[in-house]
Amino acid sequence: MFRIDDCIIRLSRPDDKADLMDVAKTIWQGSDYLPQIIDRWIKERWFFVAEYKGKVIGCIKLSQFPDKVIWIEGLRVHRRYQSKGVGTLLNDYIMQFCYRLKDKDPGRSFEFCTYYKNTESLRMTSKLGFKPVCSFYNLDSKGSFKMRAPEILADYDMSIFGLYPDYIPIGWQMVHNCAESLDFIRKYATVFRSPQSLYLINRTGSKSISFLQPPVTEMEAELPYLQYFFGHRRSLSITLPTSLTTELYRLKELGFWFWDHETEPAENMLVKKL
Ligand SMILES: CC(C)(COP(=O)(O)OP(=O)(O)OC[C@H]1O[C@@H](n2cnc3c(N)ncnc32)[C@H](O)[C@@H]1OP(=O)(O)O)[C@@H](O)C(=O)NCCC(=O)NCCS
(Lines give C-alpha, C1' and ligand atoms only; values in the text may rest on other atoms or scores of the structure.)
Protein backbone atom coordinates (compact mmCIF):
# COMPACT_ATOMS: atom_id res chain seq x y z
CA MET A 1 0.00 0.00 0.00
CA PHE A 2 1.21 3.51 -0.81
CA ARG A 3 2.56 5.51 2.11
CA ILE A 4 3.23 9.21 1.71
CA ASP A 5 5.98 8.93 4.36
CA ASP A 6 7.97 6.79 1.91
CA CYS A 7 7.94 9.61 -0.60
CA ILE A 8 10.88 12.02 -0.71
CA ILE A 9 11.36 15.29 -2.56
CA ARG A 10 14.75 16.06 -4.09
CA LEU A 11 16.37 17.92 -6.97
CA SER A 12 16.14 16.11 -10.32
CA ARG A 13 19.05 14.22 -11.90
CA PRO A 14 19.69 13.33 -15.56
CA ASP A 15 18.75 9.68 -14.92
CA ASP A 16 15.22 10.75 -13.84
CA LYS A 17 14.26 11.39 -17.45
CA ALA A 18 12.80 7.96 -18.22
CA ASP A 19 10.56 8.00 -15.12
CA LEU A 20 9.45 11.56 -15.87
CA MET A 21 8.54 10.56 -19.43
CA ASP A 22 6.39 7.80 -17.92
CA VAL A 23 4.70 10.37 -15.66
CA ALA A 24 4.00 12.64 -18.66
CA LYS A 25 2.34 9.78 -20.58
CA THR A 26 -0.33 9.64 -17.89
CA ILE A 27 -1.10 13.40 -17.89
CA TRP A 28 -3.77 15.03 -20.08
CA GLN A 29 -4.17 11.87 -22.21
CA GLY A 30 -0.50 12.03 -23.20
CA SER A 31 -0.63 15.60 -24.55
CA ASP A 32 1.62 16.97 -21.80
CA TYR A 33 4.40 19.33 -22.98
CA LEU A 34 6.80 18.04 -20.31
CA PRO A 35 8.71 15.76 -22.76
CA GLN A 36 9.57 18.78 -24.94
CA ILE A 37 11.05 20.74 -22.08
CA ILE A 38 12.41 18.02 -19.81
CA ASP A 39 16.07 18.13 -20.95
CA ARG A 40 16.21 21.86 -20.35
CA TRP A 41 14.55 21.62 -16.94
CA ILE A 42 16.89 18.83 -15.79
CA LYS A 43 19.86 21.02 -16.73
CA GLU A 44 18.42 24.11 -15.06
CA ARG A 45 18.30 24.70 -11.33
CA TRP A 46 15.19 24.21 -9.19
CA PHE A 47 13.56 21.21 -10.86
CA PHE A 48 12.28 19.03 -8.03
CA VAL A 49 10.96 15.48 -8.16
CA ALA A 50 9.00 13.21 -5.85
CA GLU A 51 10.63 9.79 -5.48
CA TYR A 52 8.82 6.75 -4.17
CA LYS A 53 10.62 3.43 -3.69
CA GLY A 54 13.38 4.47 -6.10
CA LYS A 55 10.98 5.68 -8.81
CA VAL A 56 10.16 9.25 -9.75
CA ILE A 57 6.38 9.75 -9.61
CA GLY A 58 6.01 13.54 -9.72
CA CYS A 59 7.75 16.85 -10.28
CA ILE A 60 7.57 20.63 -10.02
CA LYS A 61 9.71 23.42 -11.50
CA LEU A 62 10.66 26.85 -10.21
CA SER A 63 12.25 29.45 -12.50
CA GLN A 64 13.59 32.93 -12.05
CA PHE A 65 11.39 35.28 -14.08
CA PRO A 66 11.84 39.04 -14.63
CA ASP A 67 10.92 41.49 -11.87
CA LYS A 68 11.91 39.18 -9.00
CA VAL A 69 9.21 36.65 -9.81
CA ILE A 70 9.75 32.99 -9.03
CA TRP A 71 7.56 31.18 -11.54
CA ILE A 72 6.09 27.85 -10.48
CA GLU A 73 5.07 25.33 -13.13
CA GLY A 74 5.19 21.74 -14.23
CA LEU A 75 3.48 20.26 -11.19
CA ARG A 76 2.75 16.66 -12.15
CA VAL A 77 1.89 13.49 -10.30
CA HIS A 78 1.75 10.13 -12.09
CA ARG A 79 -1.91 9.27 -12.54
CA ARG A 80 -1.57 6.06 -10.54
CA TYR A 81 -0.39 8.08 -7.52
CA GLN A 82 -2.80 11.01 -7.75
CA SER A 83 -5.13 11.99 -4.88
CA LYS A 84 -2.72 10.50 -2.32
CA GLY A 85 -1.08 13.71 -1.13
CA VAL A 86 1.99 13.72 -3.44
CA GLY A 87 1.00 17.02 -5.13
CA THR A 88 0.54 18.61 -1.72
CA LEU A 89 3.91 17.26 -0.57
CA LEU A 90 5.65 18.73 -3.64
CA ASN A 91 3.89 22.07 -3.19
CA ASP A 92 4.64 22.24 0.54
CA TYR A 93 8.28 21.43 -0.12
CA ILE A 94 8.80 24.11 -2.74
CA MET A 95 6.93 26.64 -0.61
CA GLN A 96 9.46 26.13 2.19
CA PHE A 97 12.13 26.68 -0.44
CA CYS A 98 10.30 29.84 -1.65
CA TYR A 99 10.03 31.24 1.87
CA ARG A 100 13.78 30.82 2.30
CA LEU A 101 14.35 32.72 -0.96
CA LYS A 102 12.01 35.44 0.26
CA ASP A 103 13.89 35.73 3.54
CA LYS A 104 16.98 36.60 1.52
CA ASP A 105 15.07 39.05 -0.70
CA PRO A 106 11.61 40.17 0.53
CA GLY A 107 10.88 41.79 -2.85
CA ARG A 108 10.38 38.38 -4.44
CA SER A 109 6.94 37.14 -5.46
CA PHE A 110 5.74 33.66 -6.45
CA GLU A 111 3.42 33.17 -9.39
CA PHE A 112 1.94 30.54 -11.64
CA CYS A 113 -0.78 30.10 -14.26
CA THR A 114 -3.37 27.37 -14.41
CA TYR A 115 -6.58 26.38 -16.11
CA TYR A 116 -9.60 27.79 -14.31
CA LYS A 117 -11.13 24.34 -13.81
CA ASN A 118 -8.01 22.76 -12.35
CA THR A 119 -9.65 22.28 -8.98
CA GLU A 120 -6.75 20.34 -7.41
CA SER A 121 -4.23 23.04 -8.29
CA LEU A 122 -6.53 25.92 -7.33
CA ARG A 123 -7.40 24.31 -4.03
CA MET A 124 -3.82 23.54 -3.03
CA THR A 125 -2.60 27.05 -3.88
CA SER A 126 -5.52 28.85 -2.18
CA LYS A 127 -4.61 27.02 1.01
CA LEU A 128 -1.04 28.29 0.61
CA GLY A 129 -2.32 31.87 0.30
CA PHE A 130 -2.03 32.40 -3.48
CA LYS A 131 -4.52 34.97 -4.84
CA PRO A 132 -5.75 35.40 -8.43
CA VAL A 133 -4.20 38.49 -10.02
CA CYS A 134 -4.92 38.27 -13.73
CA SER A 135 -6.73 36.17 -16.31
CA PHE A 136 -6.90 35.64 -20.05
CA TYR A 137 -9.00 33.91 -22.66
CA ASN A 138 -7.47 30.88 -24.30
CA LEU A 139 -9.31 29.70 -27.41
CA ASP A 140 -8.83 26.80 -29.81
CA SER A 141 -9.83 26.24 -33.39
CA LYS A 142 -9.62 23.17 -35.59
CA GLY A 143 -7.06 24.72 -37.89
CA SER A 144 -6.86 24.51 -41.69
CA PHE A 145 -4.41 23.54 -44.40
CA LYS A 146 -3.62 27.09 -45.55
CA MET A 147 -0.34 28.45 -44.22
CA ARG A 148 1.60 31.61 -44.99
CA ALA A 149 4.95 32.69 -43.57
CA PRO A 150 4.68 35.90 -41.57
CA GLU A 151 7.50 38.37 -41.09
CA ILE A 152 9.49 37.58 -37.94
CA LEU A 153 10.35 40.70 -35.99
CA ALA A 154 13.80 40.80 -34.44
CA ASP A 155 13.77 44.40 -33.38
CA TYR A 156 10.99 45.58 -31.09
CA ASP A 157 10.61 47.18 -27.69
CA MET A 158 8.10 46.97 -24.86
CA SER A 159 5.76 49.49 -26.52
CA ILE A 160 4.19 46.68 -28.61
CA PHE A 161 2.68 45.08 -25.49
CA GLY A 162 0.15 47.84 -24.76
CA LEU A 163 -2.76 45.34 -24.78
CA TYR A 164 -1.21 43.74 -21.70
CA PRO A 165 -0.56 46.45 -19.10
CA ASP A 166 0.13 44.00 -16.26
CA TYR A 167 1.00 40.51 -17.47
CA ILE A 168 2.14 39.49 -20.95
CA PRO A 169 1.17 35.91 -21.89
CA ILE A 170 3.93 33.82 -23.47
CA GLY A 171 2.03 30.59 -23.94
CA TRP A 172 1.07 29.54 -20.39
CA GLN A 173 3.87 31.55 -18.85
CA MET A 174 3.24 35.19 -17.98
CA VAL A 175 5.76 37.95 -17.43
CA HIS A 176 5.27 41.38 -15.93
CA ASN A 177 5.00 44.25 -18.37
CA CYS A 178 8.26 45.94 -17.40
CA ALA A 179 11.54 46.80 -19.11
CA GLU A 180 13.30 43.80 -17.61
CA SER A 181 10.97 41.41 -19.42
CA LEU A 182 12.19 42.36 -22.89
CA ASP A 183 15.22 40.04 -22.83
CA PHE A 184 13.08 37.19 -21.53
CA ILE A 185 10.53 37.68 -24.31
CA ARG A 186 13.27 37.81 -26.95
CA LYS A 187 14.69 34.56 -25.63
CA TYR A 188 11.50 32.55 -25.23
CA ALA A 189 9.05 34.01 -27.76
CA THR A 190 8.79 34.95 -31.42
CA VAL A 191 7.08 38.20 -32.39
CA PHE A 192 5.69 38.18 -35.91
CA ARG A 193 3.81 40.44 -38.26
CA SER A 194 1.16 39.64 -40.83
CA PRO A 195 0.18 42.27 -43.41
CA GLN A 196 -2.47 43.53 -40.97
CA SER A 197 -1.40 42.84 -37.43
CA LEU A 198 1.15 41.80 -34.80
CA TYR A 199 1.36 38.65 -32.65
CA LEU A 200 3.61 36.70 -30.31
CA ILE A 201 4.10 32.95 -29.98
CA ASN A 202 6.00 31.06 -27.28
CA ARG A 203 8.90 28.83 -28.32
CA THR A 204 8.63 26.28 -25.54
CA GLY A 205 5.71 24.55 -23.89
CA SER A 206 2.19 24.31 -25.20
CA LYS A 207 1.99 26.74 -28.12
CA SER A 208 -0.45 29.62 -28.07
CA ILE A 209 -0.45 32.85 -30.06
CA SER A 210 -1.02 36.05 -28.09
CA PHE A 211 -2.72 38.87 -29.95
CA LEU A 212 -0.65 42.05 -29.66
CA GLN A 213 -3.36 44.08 -31.39
CA PRO A 214 -7.15 43.65 -31.35
CA PRO A 215 -8.42 41.19 -33.99
CA VAL A 216 -8.55 42.95 -37.36
CA THR A 217 -11.72 43.35 -39.42
CA GLU A 218 -10.46 40.94 -42.08
CA MET A 219 -9.54 38.30 -39.51
CA GLU A 220 -10.05 35.38 -41.90
CA ALA A 221 -7.08 36.55 -43.98
CA GLU A 222 -4.91 36.37 -40.85
CA LEU A 223 -5.48 32.70 -40.17
CA PRO A 224 -2.85 31.26 -42.59
CA TYR A 225 -0.19 33.34 -40.79
CA LEU A 226 -1.25 31.89 -37.44
CA GLN A 227 -1.54 28.38 -38.87
CA TYR A 228 2.08 28.63 -40.02
CA PHE A 229 3.32 28.00 -36.47
CA PHE A 230 1.16 24.91 -35.89
CA GLY A 231 1.40 23.07 -39.21
CA HIS A 232 -1.21 21.78 -41.69
CA ARG A 233 -4.60 21.11 -40.14
CA ARG A 234 -3.18 21.18 -36.63
CA SER A 235 -5.44 22.87 -34.12
CA LEU A 236 -4.68 26.49 -33.34
CA SER A 237 -4.52 28.07 -29.93
CA ILE A 238 -4.81 31.79 -29.27
CA THR A 239 -4.67 33.97 -26.17
CA LEU A 240 -6.49 37.26 -25.69
CA PRO A 241 -6.68 39.79 -22.88
CA THR A 242 -10.02 40.12 -21.07
CA SER A 243 -10.27 43.68 -22.41
CA LEU A 244 -11.21 42.07 -25.74
CA THR A 245 -14.30 40.21 -24.52
CA THR A 246 -16.46 41.84 -27.17
CA GLU A 247 -14.30 40.26 -29.90
CA LEU A 248 -14.95 36.70 -28.74
CA TYR A 249 -18.15 36.14 -30.71
CA ARG A 250 -16.51 37.33 -33.93
CA LEU A 251 -13.71 34.83 -33.33
CA LYS A 252 -16.31 32.17 -32.63
CA GLU A 253 -17.68 32.67 -36.14
CA LEU A 254 -14.18 31.84 -37.40
CA GLY A 255 -14.16 28.60 -35.43
CA PHE A 256 -12.36 29.74 -32.27
CA TRP A 257 -13.90 28.82 -28.94
CA PHE A 258 -13.11 27.46 -25.49
CA TRP A 259 -12.03 23.83 -25.63
CA ASP A 260 -14.47 22.90 -22.87
CA HIS A 261 -17.27 24.21 -25.11
CA GLU A 262 -18.42 26.77 -22.53
CA THR A 263 -21.57 28.52 -23.58
CA GLU A 264 -20.46 31.81 -22.01
CA PRO A 265 -17.02 33.43 -22.24
CA ALA A 266 -14.76 32.02 -19.52
CA GLU A 267 -11.54 33.61 -18.31
CA ASN A 268 -9.88 30.22 -18.44
CA MET A 269 -6.19 31.09 -17.90
CA LEU A 270 -5.71 32.18 -14.31
CA VAL A 271 -2.57 33.77 -12.89
CA LYS A 272 -2.14 33.47 -9.13
CA LYS A 273 0.40 35.16 -6.94
CA LEU A 274 1.78 35.01 -3.41
C1 LIG B 1 -2.70 18.60 -9.85
C2 LIG B 1 -1.97 17.38 -9.36
C3 LIG B 1 -0.48 17.64 -9.40
C4 LIG B 1 -2.40 17.11 -7.91
O5 LIG B 1 -1.59 16.08 -7.39
P6 LIG B 1 -2.18 15.02 -6.34
O7 LIG B 1 -1.04 14.24 -5.80
O8 LIG B 1 -3.28 14.26 -6.94
O9 LIG B 1 -2.74 16.04 -5.22
P10 LIG B 1 -3.11 15.74 -3.72
O11 LIG B 1 -3.44 14.29 -3.52
O12 LIG B 1 -2.04 16.29 -2.86
O13 LIG B 1 -4.43 16.59 -3.57
C14 LIG B 1 -4.40 18.00 -3.66
C15 LIG B 1 -5.77 18.58 -3.41
O16 LIG B 1 -6.58 18.29 -4.54
C17 LIG B 1 -7.70 17.50 -4.12
N18 LIG B 1 -7.90 16.48 -5.13
C19 LIG B 1 -7.08 15.48 -5.45
N20 LIG B 1 -7.64 14.74 -6.42
C21 LIG B 1 -8.82 15.31 -6.70
C22 LIG B 1 -9.85 15.03 -7.62
N23 LIG B 1 -9.78 13.99 -8.47
N24 LIG B 1 -10.92 15.87 -7.66
C25 LIG B 1 -11.01 16.93 -6.84
N26 LIG B 1 -10.06 17.25 -5.94
C27 LIG B 1 -8.99 16.43 -5.88
C28 LIG B 1 -7.30 16.89 -2.83
O29 LIG B 1 -8.44 16.62 -2.05
C30 LIG B 1 -6.44 17.93 -2.23
O31 LIG B 1 -7.22 18.94 -1.60
P32 LIG B 1 -7.38 18.91 0.00
O33 LIG B 1 -5.98 19.09 0.53
O34 LIG B 1 -8.25 20.08 0.25
O35 LIG B 1 -7.96 17.60 0.35
C36 LIG B 1 -2.29 16.10 -10.19
O37 LIG B 1 -3.68 15.92 -10.18
C38 LIG B 1 -1.80 16.18 -11.60
O39 LIG B 1 -0.67 15.80 -11.93
N40 LIG B 1 -2.68 16.70 -12.50
C41 LIG B 1 -2.36 16.86 -13.91
C42 LIG B 1 -1.37 17.98 -14.14
C43 LIG B 1 -1.86 19.30 -13.58
O44 LIG B 1 -3.01 19.65 -13.67
N45 LIG B 1 -0.91 20.05 -12.99
C46 LIG B 1 -1.17 21.35 -12.42
C47 LIG B 1 -1.00 22.37 -13.48
S48 LIG B 1 -0.94 23.95 -12.75
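Use the structure listed above.
As the structure is a prediction and not an experimental result, all values here were calculated from the model. Along each chain, residues carry numbers from 1 onward, in the same order as the chain's sequence is written. Where totals are concerned, whole chains, interfaces and linings use all residues; where local detail is concerned, this predicted model gives features only for residues with pLDDT of at least 70, and gives and counts side-chain atom pairs only at 80 or more.

### Quick notes on the site of the ligand
The following threshold applies: The criterion for a residue being near a molecule or strand is a backbone-placed C-beta atom within 6 Å of that molecule or strand. Where helices and strands are cited, they refer to DSSP runs of H or I of at least four residues and of E of at least two residues respectively, numbered from the N terminus. As a working rule, the residues Ala, Val, Leu, Ile, Met, Phe, Trp, Tyr, Cys and Pro are called nonpolar, Asp, Glu, Lys and Arg charged, and the rest polar, with Gly in that last group.
The immediate surroundings of the ligand are formed by 18 residues, with Gln82, Ser83, Gly87, Thr88 and Glu120 found nearest. Counting residues per element, the ones that place at least two in the shell around the ligand are strand 4 (69-77), helix 3 (86-104) and helix 4 (119-127). The greatest single-element share of the shell around the ligand, amounting to five residues, is contributed by helix 4. Class assignment for the residues of the shell around the ligand results in five nonpolar, nine polar and four charged.

### Brief notes about helix 3
This is how it is decided: Here the expected span of a helix is defined as 1.5 Å times the quantity of residues minus one. Neighbour density around each residue's C-beta defines its exposure: 20 or more other C-beta atoms within 10 Å make it buried, 12 or fewer make it exposed, and counts between make it partly exposed, where C-beta atoms are placed from the backbone. When we speak of the arc, we mean the arc of directions from the helix axis to the C-beta atoms. Placing C-beta atoms from the backbone, we regard two residues as in contact once those atoms come within 7 Å.
Helix length check: helix 3 (19 residues) gives 28 Å between terminal C-alpha atoms against 27 Å at 1.5 Å per residue, within 8%. The complete set of buried residues in helix 3 reads Val86, Gly87, Leu90 and Ile94. On an axial view of helix 3, the arc spanned by its buried residues comes to 100°, and they lie on one face. Exposed residues pointing more than 90 degrees away from the buried face of helix 3 are listed as Gln96, Tyr99, Arg100 and Asp103. Looking at the packing, one finds that the buried side of helix 3 touches strand 1 (7-11), strand 2 (47-52), strand 3 (55-65), strand 4 and helix 4.

### Observations regarding the pairing of strand 6 (residues 131-141)
Definition in use: Any two strands between which DSSP finds at least two bridges are classified as paired.
Across five bridges, strand 6 lies against strand 14 (residues 269-273) in antiparallel orientation. From the neighbouring strand, cysteine 134 faces strand 14, where its bridge partner is valine 271.

### Points about the nonpolar core
Quick reminder of the rule: Here, a nonpolar core means buried Ala, Val, Leu, Ile, Met, Phe, Trp, Tyr and Cys residues linked by C-beta atoms lying within 7 Å of one another. Bear in mind that the domain bounds are from an automatic or database domain assignment.
Counting 59 residues, the largest nonpolar core has Ala50, Ile72 and Ile168 as the members making the most contacts within it. The leading source of residues in this core is strand 4, at six residues. Lining this core are residues from two domains, each supplying at least three of them: domain 1 (4-107) and domain 2 (135-273). Among all residues touching isoleucine 72, those that are not within four sequence positions of it are Ile60, Leu62, Ile94, Phe110 and Phe112.

### With respect to the pairing of strand 8 (residues 167-170)
Burial along strand 8 is two-sided: the face carrying Tyr167 and Pro169 and the face carrying Ile168 and Ile170 are both buried. Between strand 8 and strand 9 (residues 173-176), which pair antiparallel one after the other, the connecting turn spans two residues, and glycine 171 there sits at a positive phi close to 65°.

### Digging into the packing of helix 1 (residues 17-25) against helix 2 (residues 34-43)
Put simply, the rule reads: Every axis corresponds to a line fitted to the C-alpha atoms, with the helix fit spanning only the stretch in contact, and the corresponding angles, defined between N-to-C directions, vary from 0 to 180 degrees. Oblique is the label for any angle not covered by the other classes, which are roughly parallel (under 35 degrees), roughly antiparallel (over 145) and roughly perpendicular (65 to 115). Two helices crossing with the near one rotated counterclockwise from the far one by less than a right angle form a left-handed crossing, whereas a clockwise rotation gives a right-handed crossing.
Two elements in contact, helix 1 and helix 2, have axes whose closest approach is 10 Å; the angle formed by their N-to-C orientations is 150°. It follows that helix 1 is roughly antiparallel to helix 2 by the angle criterion. Where helix 1 crosses over helix 2, the handedness of that crossing is right-handed. Here Lys17, Leu20, Met21 and Ala24 of helix 1 lie close against helix 2, whose contacting residues are Leu34, Pro35, Ile38 and Ile42. Among the residues forming the contact of helix 1 with helix 2, the class breakdown is seven nonpolar, no polar and one charged.

### What to know about the sheet that holds strand 13 (residues 236-241)
Spatially, 1-2-3-4-5-14-6-13-12-11-10-7 is the arrangement adopted by the twelve strands of the open sheet, whose pairing is mixed. For this open sheet the edge positions go to strand 1 and strand 7 (151-153), each flanked by a neighbour on one side alone. Shown here is a sheet whose adjacent strand axes are inclined to one another by a mean of 30°, direction ignored. Relative to strand 14, strand 5 (residues 109-115) runs antiparallel, the two being bridged by five bridges. Within the sheet, the bridge partner assigned to cysteine 113 lies in strand 14 and is valine 271. Lying on the sheet, helix 3 is in contact with strand 1, strand 2, strand 3, strand 4 and strand 5; it crosses strand 4 at an angle near 165°.

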